[in-house]
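# Breakdown of the fold
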Amino acid sequence: MLTIRNLESGYGQLRVLKNISLHVRSGEIVAIIGANGAGKTTLVHVVAGLLKPWRGDLFFQEEDITRTPAEVMAALGCVLVPEGRQVFASMSVEDNLLLGGSILRKRNGTAALRSQMEQQYARFPVLQARRSQLAGTLSGGEQQMLAMARALMAKPRLVMMDEPSTGLAPLIVREIFTIIAQLRAEGNTVLLIEQNARAALDIADRGYVLETGKIIVQGKAAELLANNDVQRAYLGREQIG
Amino acid sequence: MLWEPDKECIKEDDLKQLQLERLQSTLYRVGTHVPFYRKKFAELRVNHDDIHSLDDLRRLPFTVKQDLRDNYPYGLFAVPLRDVVRVHASSGTTGQATVVGYTKNDIRTWSNLVARIITAAGVGKNDVIQIAFGYGLFTGGFGLHYGAELIGTSVIPISAGNTKRQIQIMQDFKSTALVSTPSYSLVLADTMMDMGINPSGLSLRYGLFGGEPWSEAMRQEIHQKLGILATDNYGLSEVMGPGISGECQECNGLHINEDHFLVEVLDPVTLEPVPEGEVGELVITTLTKEAFPMIRYRSRDLSRILPGTCPCGRSFKRMERVMGRSDDMLIIKGVNIFPLQIEKALFEVEGTKPHYQIIVEREHHADRVTVLVEVTESLFSDQMKKQREIVDQIKRRLSSQLGVNIEVKLVEEKTLERSEGKAKRVIDKRSF
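Note that the structure is a prediction, hence the values are computed from the model and not measured.

Here the focus is the overall build of chain B. Broken down by element type, chain B carries 12 helices and 21 strands. At 23 Å, chain B has a C-alpha radius of gyration in line with the 22 Å of a compact globule built from 432 residues. C-alpha extents for chain B along the principal axes are approximately 75 × 60 × 45 Å. The buried share among the 432 residues of chain B stands at 45%. In chain B, the proportion of contacts linking residues at least 24 apart, taken out of those at least 6 apart, comes to 66%.

This is the structure we're talking about:
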């Protein structure tokens, strides 16, 4: 689905990503974990076409996307659920969803758009209850759900989620991650960026640990959970048993 | 049968991507955590950031056995000792042991890779596997043990030696698979004959052999005498132990676990890659090891990559069984011995001359080593008692330092052949 080799990128003079190689296979949840400033967001921004790579190769479904701009990436089926939700606060929940579905409507018509919206309401019943409410009046957890639903409106091939757990209560985090696991069960592919390593690795198939712009270790989620470096740095504990 | 079909039949492109990702993070970890590699990388002016393809591997430094000795015991570990859950040492010898370590994940990976090899050899969960490799510091016993347990095979951890007991247990416990050196399986066969036991009455069906070089002729002999399918598997403790490669039931070469090891075949003199399919030294880089990663470890084992694909469906490359060594190391009963170690022991004994010859023979499938040592003329002519003392002294010293028994014969001064240039110290009369 997504293959990255030797990616380097950054801002101005600042090299943030240093020789990153990774891949995501169809139907997988792949977690990228790492501390603040490790380069996680920069990485998904490059994939989403929001930031240009300095060097390296990027392929999305066998297609070279090294220089593909954001709007084309979205049309190819690669969508980003940005950090901090970023829903359109002054628009209604439903209008937010319609906006997310604009690509789908152009491609498959209004009926497809309607059915896609019904699916999202079924997945997130709370959004249906608040369909005509302004997005800005939703709680943090509801806004996160709206951001996810909006991204899914485009019927994406790859959903990239940047820190979906940020600023949410533990109970809501659990709900959000249950929904992400469901997405995989429905055949979706997810690239999940998280500081909350435990929550992410619990649902992910594989993971990569990013540290100061480099991948220090990768492997099956269970292997990363058992890795002592990962435990010390990201799971906040010394080795137990 | 395949243990991990999705991995063992991986497509070439997917494998290359996986190898690159794993190589890059391994380099990052050794460059950060292992002072030896940090220094070597700096000397060669390579940065792990500069490795952009698998071909760039050739820019990286080699690691040799001496590097392991120089960093004895824990100097090359890439994790703190508290993260290490197992320590092994090379099957070598006491004085020059090399130490390797494993994290919990390393043990998991190791077990899994050995499970692949045991499965490929035809052994499954319903089998009873008799592990006659040495346990202890040697990686052979534990390596096979953990892999077999992971599959669910019933494991008999009998360890090496005590041939009659091995046979007794093989009969009584109805072992279906044997793990040992190939030569030991023939010792077992011959002993069975002596004991009047017909091997065809046993439950034994599979033999998983490793630890020493052997030949196709020996495979046939094992098959004839024991009626089992004999497969070869390969590993070395410095890299992990058993589990690096192994034969499937097609018996046409050892599938290398390429998703965990990069294997280069190099000319041992120029250290350049040999043309495809030609014989050279195996140089191995680990891709997933946490505690003891190795970059371009020179195994000194000679082999080649075999052409074509295997009907079993595994996509991993196959190597021919190891044909010999690119140094003068001898493998005696599975123990690694260097002539220099024998020389050192001799020098410590008074009255001996620095002229010696090591004769290696194989009799009734057991290796026998005899060291011929020149002694001073006076000693040779009249002091019988002194002679016996010297022989005993050398024998004791050799057996305690090498861990195997070695015969010693004293000879008169100037009776051993002198050669121009490099002395021919070792006469290996064995045919594998």
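This is not the end of the story, as more comes after the structure.
Let us look at the overall build of chain A. Counting secondary structure elements, chain A contains 11 helices and 10 strands. Residues classed as buried in chain A amount to 47% of the 241 residues present. Within chain A, contacts between residues at least 6 apart in sequence are counted, and of these 66% link residues at least 24 apart.

Let us look at helix α9 (residues 216–226) of chain B. Residues and elements named next belong to chain B. Turning to α9, its buried residues are Arg219, Ile222 and Leu226. Projected down its long axis, α9 shows its buried positions confined to an angular sector of 65°, all on one face. In α9, the exposed positions that point more than 90 degrees away from the buried face belong to Glu216, Ala217, Gln220 and Gln224. Where α9 is buried, its residues contact α8 (182–195), β6 (206–209) and β7 (229–236). Gly227 sits one or two residues past α9 and shows a positive phi near 65°.

Any two packed helices are characterised by the angle at which their axes cross and by the distance between the axes. All names here are of chain B. Axis separation between α8 and α9 bottoms out at 10 Å; the angle between their running directions is 30°. Between α8 and α9, the crossing angle belongs to the class labelled roughly parallel. Both α8 and α9 take part in a crossing whose hand is left-handed. For the pair α8 and α9, the contacting residues are Pro182, Ser185, Leu186 and Ala189 in the first and Met218, Glu221, Ile222, Lys225 and Leu226 in the second. Classifying every residue of the contact of α8 with α9 by side-chain character gives six nonpolar, one polar and two charged.

With that settled, consider the interface of chain B and chain A. Contacts between the two partners involve 15 residues from chain B, matched on the other side by 17 residues from chain A. Looking at the side of chain B that touches chain A, the elements that each hand over two or more residues are α2 (12–33) and α5 (104–120) of chain B. Here the side of chain B that touches chain A is built from residues that sort into three nonpolar, six polar and six charged.

Take the domain arrangement of chain A next. Residues and elements named next belong to chain A. You can read the domains of chain A as domain 1 (1–77 + 157–241) and domain 2 (87–156). Between domain 1 and domain 2, the contact holds 12 residues from the first and nine residues from the second. Broken down by class, the residue content of the side of domain 1 that touches domain 2 amounts to nine nonpolar, two polar and one charged.

With respect to the helices, strands and loops of the structure, Gln17 of chain B is situated in helix α2. Residues Gln17 of chain B and Glu281 of chain B, 264 residues apart in the sequence, show an inter-C-alpha distance of 25 Å. Setting aside anything within four residues of it in sequence, one finds Gln17 of chain B in contact with Thr3 and His23 of chain A.

Reading the values: the criteria
- Residues numbered from 1 in each chain as written.
- Chains lettered and ligands numbered in written order.
- Predicted model: local features only at pLDDT ≥ 70, side-chain atom pairs only at ≥ 80, totals over all residues.
- Helix = DSSP H or I, 4+ residues; strand = E, 2+ residues; numbered from the N terminus.
- Rg over C-alpha atoms; globule rule 2.2 N^0.38 Å.
- Buried ≥ 20, exposed ≤ 12 C-beta atoms within 10 Å, placed from the backbone.
- Contact = placed C-beta atoms within 7 Å.
- Arc of directions from axis to C-beta.
- Axes fitted to C-alpha atoms, helices over the stretch in contact; angles between N-to-C directions.
- Parallel < 35°, antiparallel > 145°, perpendicular 65-115°, else oblique.
- Left-handed = near helix turned anticlockwise from the far one by under 90°.
- Nonpolar A, V, L, I, M, F, W, Y, C, P; charged D, E, K, R; others polar.
- Domains from an automatic or database assignment.

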